[in-house]
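Below are the chains, spelled out letter by letter.
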Amino acid sequence: MNTKQIGFIGGGNMASSLIGGLVSNGYPADKLTVVDLDSEKLSYLNQTFGVNTLQDSKELATKADVLVLAIKPQHMQSVAQDLGQAIQDKSPVVVSIAAGIRVEALDRWLGGHLPIVRCMPNTPALLKTGATGLYANAQVTENQKDLVESLLRAVGVTVWVEEEHELDAVTALSGSGPAYFFMIMEALEAAGIKAGLNQKTAQLLTQETALGAAKMALESSEPASVLRQRVTSPGGTTERAIGILEEQGLRDILQAALLGAKERSIELSDELGNN
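Everything numeric here is computed off the predicted structure, so don't read it as measured data. (Residues numbered from 1 in each chain as written. Predicted model: local features only at pLDDT ≥ 70, side-chain atom pairs only at ≥ 80, totals over all residues. Heavy atoms only, no water.)

Time to look at the sheet that holds strand β4 (residues 66–69). Sheet architecture is open: eight strands sit in the order β3-β2-β1-β4-β5-β6-β7-β8, paired in mixed fashion. Edge positions in the open sheet fall to β3 (52–54) and β8 (156–160), since each of these has one partner strand only. Across this sheet, the average inter-strand angle for adjacent strands is 25 degrees, counted without regard to direction. Bridge count between strand β5 (residues 93–96) and strand β6 (residues 116–120): three bridges; the pairing is parallel. Among the inter-strand pairings, V95 is bridged to a residue of β6, identified as V117. Running at roughly 160 degrees to strand β1 (residues 6–9), helix α1 (residues 13–24) makes contact with β1 and β2 (32–35) of the sheet. Most of the contacts of helix α6 (residues 142–152) go to β8, to which it runs at about 150 degrees, and overall it touches β1, β4, β5, β6, β7 (130–136) and β8. (Pairing = 2+ DSSP bridges. Helix = DSSP H or I, 4+ residues; strand = E, 2+ residues; numbered from the N terminus. Axes fitted to C-alpha atoms, helices over the stretch in contact; angles between N-to-C directions. Contact = heavy atoms within 4.5 Å.)

Now the structure itself:
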């Protein structure tokens, strides 16, 4: 993998995180090149990680073995159509981290018959604790899949899905998921204050409890239901709280929220790819 040229079109937060993860894992900085219209971003990436920088996307497209499109979804069509011929000439594996852009639409904009991997990372990738869903079209080889997986594993765990529509569920669960947990933390902190704690104490206890629960889940082979049962003593305080959450329909609320997010993901893909 270390001999492959990886190009990034777009030098924003996610690209910066991927670059930082690759470099910290030992990937040669001179094999990484970034294009961005913002010269300050390019200067930062060059000085921080030692990567190459360009301002010509077409030039990069003719050099890269892996081309990461790290741009906003609403800009993807114009960028892809502009790059089409250059990418067709080189035929790199194209990696899209733009939410809502289906492979069929991107392939059409790029001129067709290209190996494309669509990824759905989430914001904890910025801290190298992300979760990324990946889908590859039929043109992607096993070696290319391994290469792209190594790229995304630099910022967290990766999961391949067999069907592209599964990425809508990935978006709803892990893509939007951090916001759900932040909202739960926000509510727990407020409840702690109402129960008598000061704001600083309630915030710290909420954050550390969330971190500890996540670590326990990650390090255990047991499902969350078993872990919950283990900390719920009969007749105790946790049992009382869990009972109230069940009565208030927490499970139904979370399910409705996730399915609503999935539905919106499908709608956005239809809107963005209909041209």
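Bringing the packing of aromatic side chains into the picture now. All chains considered together, the criterion is met by one aromatic pair. Pairing Y44 with F49 gives two aromatic rings, centres 6.5 Å apart and planes at 85 degrees, and the pair type is edge-to-face. Owing to a relative accessible area of 46%, Y44 belongs among the partly exposed residues under this scheme. Sitting above the plane of the W160 ring, K145 keeps its charged end 4.6 Å from the centroid. (Phe/Tyr/Trp six-rings, centres within 6.5 Å; stacked < 30°, edge-to-face > 60°. Buried < 20%, exposed > 50% of the residue type's maximum accessible area, 1.4 Å probe, protein only. Lys NZ or Arg CZ within 6 Å of the ring centre and 35° of its normal.)

Attention shifts here to a nonpolar patch on the surface. A cluster of nonpolar side chains, F181, I184, L188, L245, L250 and L254, forms an exposed patch at the surface whose accessible area comes to about 550 Å². Looking at the nonpolar patch, the elements with two or more residues in it are α8 (177–194) and α12 (250–272). The element contributing the most residues to the nonpolar patch is α8, with three residues. You can call I184 partly exposed: its relative accessible area is 37%. (Patch = residues over 30% accessible without salt bridge, like charges linked within 9 Å, V, L, I, M, F, W, Y side chains within 5 Å. Areas by Shrake-Rupley, 256 points an atom, 1.4 Å probe, with all protein chains shown as cover. Salt bridge = Lys/Arg side-chain N within 4 Å of Asp/Glu carboxyl O.)

Time to look at α8. In this model, α8 (18 residues) spans 26 Å end to end at C-alpha, consistent with the 26 Å of a helix rising 1.5 Å per residue. Among the residues of α8, G177, P178, E189 and G192 are the ones counted as buried. Down the axis of α8, the buried side of the element spans an arc of 115 degrees, and every buried residue falls inside it. Structural note: α8 exposes M183, E186 and K194 on the side pointing more than 90 degrees away from its buried face. Tucked inside the fold, the buried residues of α8 contact α7 (166–175) and α9 (199–219). (Expected span 1.5 Å × (residues − 1). Arc of directions from axis to C-beta.)

Among the structural elements, L250 can be located in helix α12. In this structure, the C-alpha to C-alpha distance between L250 and L272, residues 22 residues apart in sequence, is 33 Å.

Secondary-structure assignment places K90 in helix α4 (residues 73–90). Judged by relative accessible area, K90 falls into the partly exposed class, the value being 33%. Residues K90 and T62, spaced 28 residues apart in sequence, show a C-alpha to C-alpha distance of 5.4 Å. With sequence-adjacent residues up to four places away left out, K90 is seen in contact with A61, T62, K63, A64 and D65.

Bringing the pattern of salt bridges into the picture now. Considering all chains together, one arrives at eleven salt bridges under this definition. One salt bridge in this structure joins E59 and K63, with 3.0 Å as the shortest N-O distance. Overall, K63 belongs to the partly exposed group, its relative accessible area being 45%. R230 is the salt-bridge partner of E222, the closest N and O atoms lying 3.3 Å from each other. Residue classification places R230 among the exposed positions, given a relative accessible area of 56%. What emerges from the salt-bridge pattern is a single network uniting R264, E267 and E271.

Close contact between α8 and α9 brings their axes to 8 Å; oriented N to C, the two are set at 140 degrees. In terms of axis orientation, α8 runs oblique to α9. Relative to α9, α8 is oriented so that their crossing is right-handed. Here α8 contributes M185, L188, E189, G192 and I193 to the contact with α9, which in turn contributes Q199, A202, Q203, T206, Q207 and A210. For the contact of α8 with α9, the residue count by class is five nonpolar, five polar and one charged. (Parallel < 35°, antiparallel > 145°, perpendicular 65-115°, else oblique. Left-handed = near helix turned anticlockwise from the far one by under 90°. Nonpolar A, V, L, I, M, F, W, Y, C, P; charged D, E, K, R; others polar.)

The subject of this paragraph is the side chain of D107. Looking at the secondary structure, you find D107 in helix α5 (residues 103–110). Of the polar contacts made by the side chain of D107, one reaches the backbone nitrogen of L114; its length is 3.1 Å. Every residue in contact with D107, bar those within four places of it in the chain, is listed here: G112, H113, L114 and I116. (Polar contact = N/O pair within 3.5 Å; in protein donor to acceptor, adjacent residues only side chain to side chain.)

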